Amino acid sequence: MSGLGTAFGSGAMTNSIQDLGLARAFLVIGSNTTEQHPVIALQIKRAVRKGARLIVADPRAIELAELADVHLSHQPGTDLGLLNGLAQVILEEGLWDRDFVARRTENFDAFRASVAPYTPEFVERLTGVPAEKIRQAARLYATSRPAAIVYAMGITQHVAGHRNVLALANLAMLTGNVGMEGSGVNPLRGQNNVQGACDMGALPDVYTGYQKVVNPEARAKFEEAWGVPLPAECGLTVVEMTRAAAEGKVKAMYVVGENPMLSDPDLHHVREALESLDFLVVQDIFLTETAQLADVVLPGASFAEKDGTYTNTERRVQLIRKAVEPPGQARPDWWAVAELAERVQRDRGPVSFYYNSPAQIMEEIASLTPAYGGIRHERLGIQGLQWPCPTADHPGTPVLHRERFTRGLGLFAPVEFMPADELPDGEYPLILTTGRLLQHYHMGSMTRRVPGLNQLVPQELMEINPVDATRLGLPDGAPARVRSRRGEVLTRVRVTDRPRLGVVFMTFHFAEAAANLLTNPALDPTAKIPEFKACAVRVEPA
Amino acid sequence: MSKVSLKIDGQTVQAEAGSTILQAAEGAGIHIPTLCYHPVLPAEGACRICVVEVAKQRLLLPACTYPVAEGMEVLTESPQVVEARRFVLELLLSDHPQDCLTCEANGDCELQDLAYRYQVKRSRFQGEVHRYPLDEANPFIARDMTKCILCRRCVGACRDIQAVDAIGLAHRGFDTKVAAAFDAPLQDSTCVFCGQCVAVCPVGALTEKNARFLGRSWEMTRVTTVCPYCGVGCLLDLNVKDNRIIKVTSNWEGPANRGATCVKGRFGYEFVHSPDRLTRPLIKANGAFVEASWEEALDLVARRLAEIKGQHGPDSLAVLASAKCTNEENYLLQKFARAVLGTNNVDHCARL
Ligand code: SF4
Ligand code: SF4
Ligand code: SF4
Ligand code: FES
C-alpha cells in the first residue's frame, strides 16, 4: 500500500482483472495466486496457454511455478535483493525504456547508482537463486510488452515490505510498464473488502480516500461535515493497539468482524493484551476466539443478510444485496454502529448517525471523498464502478496513471537490501513462512463451518522438504512440534518438494495449529505490517 | 471490421465478417436452439441441434460454427430443419432416463426445453442404454452420467475457463463418457471443485450435490451479490428459497469473474446457516455469557465507553473495523471512532 502511494501517488492495483489477460509477460512474486486469488489466476493461466511468458518468484514450487518459464526460488525475506538484481540486469544490458524514464519519472540517477552493486552473482549469494536465472528472468520481463507485475502479501508481510513494493514500482517504471492494459503493478488484496476498508479510512492516519488526519485542511473539512473538533494526531495500528493494551494505555476496544486472537502475530501476547483491557466489545457472526474474551458480544449479519458495497482489489465498487434475513436478533453492523453512536453521545449528540439505508451512507461518503464522488448505489448495477470516479457522470477508471502518475512524475526510490528480522540459527534452524490454501479462508471461521471444504482439507499439514524431513526423522503425515522464540504448535507434516530446502510452510486457517503462535511481530517501520512470511523455527517429531 | 449482409428467415441482417450464423441471428433477435454451444466457451459443433438450412447448400449446416457469407440465405425453422432437430432429440432421448419428475434439472434443463419446443414425446429408437451409478463421493458435485448427453461443455469449461483439464472424454464409441484421467473419482483427480462444469451442464448430469431435493429452480429467487471471501470480488447469484441459500450459480455478467468462481465462492456458503451463528447479544456476568436484549447491550457498551473515555481520555479507546464489513460500515466505524469517541485509534487487519 504505502510503497505504491510513494512511487505512483496511489496505493491501489494499477490495472483491472480482465485486462491482466492481455499481458505478454507476468512477474508473479509473493502471491500463490491459484490458491489465494483463484479467479485472477485463471487470467494468468489462460494468457500463459496463449503464449504469455511467466516468471514466478517464490520460495515454494507453487502451482504457477510449474507453468513458469523461470522459477526464482529465493530464500524467504530476500525479495528485495532479487528485485534490485533484476533492475541491475535490465540496466546493465540496456533493456530499459529510456523514453518512459525521461518523460514520466524522476530520481532515476540515484536509483541507477543504488542498484549497481546488485550483480547477479552478488544477488545469488543473498537469495540463493542462480545468477543465470536472474538474468533470464530480467530479460523476459524487460523484453515482453506489456508486462504485468502481480504481488500479494508475500511481498508486504516482511520488515522490508514497504521497500519491496518500491522495488517493484522501480521495475515497472524502468521498463515503461505503467498506464496501459496488461501492464502495471498489481497488489492483490487478501480479504474481500480490504481495499474498501482502506478507502473508507478505517486506518489510523487517514480519513476516507487517504485524506491525512495530520493535514489541517482535510481535518477542517471533516470537522465541518461531522460538526465536532477532531483529534490531530495519528492513531494506533492493530499491532500497536494490542501492545498499548498490554501496557495499560488502551483500556477499551470495540472489535467488529475481526479475530486478532488468530490473525495477529505472536498470539500469546495478543491474549494477554486483550485480557488486560477494562472493557472489550466484539461484534461478529460467530463466537470467535476474540469474542470469547469479550465483556459484550453483539450478533452481526453476514454478507448475505445485508445491503451495501464492497470494493474489490481492482478498485471496483460493487453492490452486495440482501438475500436472506439474519438469524434471530442478528443485525447488520451499520445498524449497530449507528445505534451505538447515538447512545454514546446522548448528552452531547452533535454527530448525526441517522441513516435509513446503506445507500444514504454512501451519499455522505461520496460528498467527502473525491475518488468516490460519483459513486451512488443506484449507479452501480451489475458492472459496478472503478474509482477514481469523481463525478456523477464519470465512467470510472479501469487503468491508473495513463498519461501521468497520480503524483505527477513516477518516483524512483533507491532501496537497500535488508535481511529478515529473524534469521535461522543453530537453535531455530528452519524458516517458517505462512500463507493460504484454496479451500480455506483467513482464520477459518467461515470455511471451517462448510462441511465439504473441511472434507477436502480437514487439518493443517505443514509442508516440509523431503531432505529436511528425512534429516529430522519425519515421515509424511507424522506429527511434529514446531517451536519459535514465541511459542510452539503441534501439527502434522506433508513431505513435498514444494518448499525449498530449509523452509517450512504453514497456513493460518486452523485454530488448533495456529501458526501465529510462532510468527514474529517485528513490523515494517513504514507500513507497520508484521513479518508473517519469515521467522526462525525448530521442528522435531512429536 | 467489415460487414456482410445476409438474409435470415427472410430478414436482411448485417453481421461482422467471420462471425457465425448463430451470432448473426442472435444479433438480429432470431433465436436458434443450441446444446453443445455455450456463449462463454469456444464452439465445438458436436450436437447438431443448431443446424439451419442455407440456400444452395446440399447439407444442413451447424449455425454455431458456420461462418456467415455475403448474400447467404438462411432458414432457421424450415420443415427440413425441424425434422433434423427432432431426429437429434429423439436420438438423445433414446438413451436418456426421462425421469424429469425427480430430476434436479427439471425446469432448468435445455434438453427438456427442446423436447417441449419440438414436441418430441418419446423416441422412435430403441437401443442399448447407458446405466451408470450416481456418483456422490466427492463433497460438492453430484455426477449422474446416465443423463449426460456428451455435449462436452463441461470439458470446455474445465479447459478454457478454469485451465485445469481435470476431465475429458474417456473411452470410445458407445462407451464414451466424461471422466477424470483414468476414470478416477473427481476427488482423486486434479479437479479443484470450482463448479464451472456444473454451471455449464445443460441437463441434470452435473448438479450441486448439497442442493439436491432442496428446491426447484422456479421456487428459488436469484440474488446477485459479491463473494464474501477473497479480494477478487466475484459476482455470484445466491439461489434462495424459504430464507435459505440453496445453491450458488454463475453470474456471467460479473465484471471481475465473468461467471467463473473458485470452490469457496461456489460452495462455501453454508456458514451463513450454521447453528453456531450468534443470534442474541451476550453480556458476560461472572465469567459466563448471558443473553441480553439489544437495548441492554448497547446501553451498557455506550455507558462503559463513555466512562472510560471520561477517566482515561479518548486515546484509551480503540476500534477495530473489518475487511469483511461493507464500505458503509467501515465508514461509520471510523466516523464513530473519530467524531464520537474522539480518537484516531481505528484500524483493521489490512496488513494481516
Ligand atoms: S469442478 Fe472445476 S476443476 Fe473440477 S471438473 Fe469441474 S470444471 Fe474441472
Ligand atoms: S456432463 Fe453435462 S456438460 Fe458434460 S458432456 Fe455431459 S451433458 Fe454435457
Ligand atoms: S469465488 Fe473465489 S476467487 Fe472469486 S472472490 Fe470468491 S474466493 Fe475469490
Ligand atoms: S450447438 Fe451447434 S453443434 Fe451443438
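Residues numbered from 1 in each chain as written. Chains lettered and ligands numbered in written order. Predicted model: local features only at pLDDT ≥ 70, side-chain atom pairs only at ≥ 80, totals over all residues. Heavy atoms only, no water.

Q: Explanation requested: the packing of aromatic side chains in the structure shown.
A: Each aromatic ring pair is specified by the distance between its two centres and by the angle formed by the two planes. Residues and elements named next belong to chain A. As enumerated under the stated definition, the model contains 18 aromatic pairs over all chains in all. Taking the centre distance of 6.3 Å and the plane angle of 80° together, the rings of Phe100 and Phe405 count as edge-to-face. Separated by 305 residues along the polypeptide, Phe100 in helix α7 (residues 98–104) and Phe405 in the loop between β12 (385–386) and β13 (410–411) bring together distant segments of the chain. The same class applies to Phe100 as to Phe405, namely buried. Both rings, one in Tyr207 and one in Trp226, keep their centres 6.3 Å apart while their planes meet at 85°; by these two values the pair is edge-to-face. (Phe/Tyr/Trp six-rings, centres within 6.5 Å; stacked < 30°, edge-to-face > 60°. Helix = DSSP H or I, 4+ residues; strand = E, 2+ residues; numbered from the N terminus. Buried < 20%, exposed > 50% of the residue type's maximum accessible area, 1.4 Å probe, protein only.)

Q: Sorry, what's going on with the environment of Pro33 of chain B here?
A: Residues and elements named next belong to chain B. With respect to the helices, strands and loops of the structure, Pro33 is situated in the loop between α1 (21–27) and β3 (51–54). Using a relative accessible area of 2% as the deciding quantity, one classes Pro33 as buried. Sequence separation between Pro33 and Arg117 is 84 residues; the distance between their C-alpha atoms is 9.8 Å. Filtering out sequence-adjacent residues up to four positions away, Pro33 remains in contact with Ile49, Cys50, Glu77, Arg85, Leu114, Arg117 and Tyr118. (Contact = heavy atoms within 4.5 Å.)

Q: How should I be thinking about the nonpolar core in this particular structure?
A: In this structure, Phe26 and Leu54 of chain A together with Ile141 of chain B are the most contacted members of the largest nonpolar core, which totals 99 residues. Looking at which element gives the most residues to this core, the answer is helix α4 (residues 38–49) of chain A, with six residues. Once residues lying within four places of it in the same chain are set aside, the contact partners of Leu54 of chain A are Phe26, Val28, Ile44, Val48, Leu64, Leu67, Ala68, Asp69 and Val70 of chain A. With 63 residues, the next largest nonpolar core counts Phe222, Trp226, Val337 and Tyr355 of chain A among its residues. (Core = buried A, V, L, I, M, F, W, Y, C linked by side-chain atoms within 4.5 Å.)

Q: Would you take a moment to explain helix α8 (residues 327–341) of chain B for this structure?
A: At 3.6 residues per turn, the α-helix brings residues three or four places apart onto the same side. All names here are of chain B. Here α8 contains 15 residues, and its C-alpha end-to-end distance of 20 Å stays within 8% of the 21 Å for a straight helix at 1.5 Å per residue. For α8, the principal kink sits at Lys335 and spans about 25°. Counted residue by residue, α8 has 15 buried out of 15 residues, so it is predominantly covered. Positive backbone phi, approximately 85°, marks Gly342, located one or two places after α8. (Expected span 1.5 Å × (residues − 1). Bend = angle between axes of the 7 residues up to and from the residue.)

Q: Whenever I open this one, the domain arrangement of chain A confuses me. Can you help?
A: How big an interface is tends to be expressed through the accessible area that disappears when the partners come together. Residues and elements named next belong to chain A. Here chain A is partitioned into domain 1 (18–188), domain 2 (194–386) and domain 3 (430–541). Taking only C-alpha atoms into account, the centre of domain 2 sits 30 Å from that of domain 3. Each partner contributes to the interface: domain 2 provides 14 residues, whereas domain 3 provides 17 residues. Each partner contributes to the roughly 1400 Å² buried at the junction of domain 2 and domain 3, and carbon and sulfur atoms together form 69% of this total. Taken together, the connections running from domain 2 to domain 3 amount to zero salt bridges. Linking domain 2 with domain 3 are zero residue pairs in polar contact (both at pLDDT 80 or more), by the criterion used here. Breaking the side of domain 2 that touches domain 3 down by element, the ones donating at least two residues are α15 (238–246), α16 (260–263) and α17 (267–275). In terms of residue count, the dominant contributor to the side of domain 2 that touches domain 3 is α15 (three residues). Taken together, the residues that form the side of domain 2 that touches domain 3 break down as five nonpolar, four polar and five charged. (Domains from an automatic or database assignment. Buried area = accessible area lost by both parts, 1.4 Å probe. Salt bridge = Lys/Arg side-chain N within 4 Å of Asp/Glu carboxyl O. Polar contact = N/O pair within 3.5 Å; in protein donor to acceptor, adjacent residues only side chain to side chain. Nonpolar A, V, L, I, M, F, W, Y, C, P; charged D, E, K, R; others polar.)

Q: What's the story with the domain arrangement of chain B in this structure? I'm lost.
A: Annotation of chain B at the domain level lists domain 1 (3–77), domain 2 (214–276), domain 3 (278–311) and domain 4 (313–352). The straight-line distance from the C-alpha centre of domain 1 of chain B to that of domain 2 of chain B is 34 Å.

Q: Help me out: how do you make sense of the sheet that holds strand β10 (residues 308–311) of chain A in this one?
A: Hydrogen bonds between backbone atoms are what pair the strands of a sheet, whose relative direction is either parallel or antiparallel. Strand order in the open sheet formed by three strands is β10-β11-β12 (chain A), and the pairing between neighbours is antiparallel. Of all the strands in the sheet, just β10 and β12 of chain A have a single pairing partner and so form its edges. Two strands pair when backbone bridges link them, and strand β11 (residues 316–320) of chain A and β12 of chain A are joined in this way by two bridges, in the antiparallel orientation. In the strand pairing of β12 of chain A, Val317 of chain A is matched with Leu385 of chain A. Together, β10 and β11 of chain A form the strand contacts of α8 of chain B, whose direction differs from that of β10 of chain A by roughly 90°. (Pairing = 2+ DSSP bridges. Axes fitted to C-alpha atoms, helices over the stretch in contact; angles between N-to-C directions.)

Q: Could you clarify how one ought to interpret helix α14 (residues 216–226) of chain A in this entry?
A: All names here are of chain A. For α14, the set of buried residues is Ala218, Arg219, Phe222 and Trp226. Across the axial projection of α14, the buried residues extend over an arc of 100°, all falling on one side. Of the residues in α14, the exposed ones pointing more than 90 degrees away from the buried face are Pro216, Glu217 and Glu224. Between a side-chain oxygen at the N-terminus of α14 and the backbone nitrogen of Glu217 the separation is 2.9 Å; the capping residue is Asn215. Once α14 ends, the next one or two residues include Gly227, with phi positive near 80°. (Arc of directions from axis to C-beta.)

Q: I'm lost on the site of ligand 1 in this one. Help?
A: In the vicinity of ligand 1, the contacting residues are Ile141, Cys158, Ile167, Cys191, Val192, Phe193, Cys194, Gly195, Gln196 and Cys197 of chain B. Its residues assigned to classes, the shell around ligand 1 shows eight nonpolar, two polar and no charged. (Near = heavy atom within 4 Å.)

Q: In this structure, what is going on with the packing of helix α9 (residues 120–127) of chain A against helix α10 (residues 131–143) of chain A? I would like to understand it.
A: Angle between the axes and distance between the axes are the two parameters that describe a pair of packed helices. Residue and element names in this part refer to chain A. The interhelical angle for the contact between α9 and α10, taken along N-to-C directions, is 115°, at an axis separation of 8 Å. Between α9 and α10, the angle falls in the class roughly perpendicular. Relative to α10, the crossing made by α9 is right-handed. Across the interface between the two elements, Pro120, Glu121, Val123 and Glu124 from α9 touch Ala131, Ile134 and Arg135 from α10. Taken together, the residues of the contact of α9 with α10 sort by class into four nonpolar, no polar and three charged. (Parallel < 35°, antiparallel > 145°, perpendicular 65-115°, else oblique. Left-handed = near helix turned anticlockwise from the far one by under 90°.)

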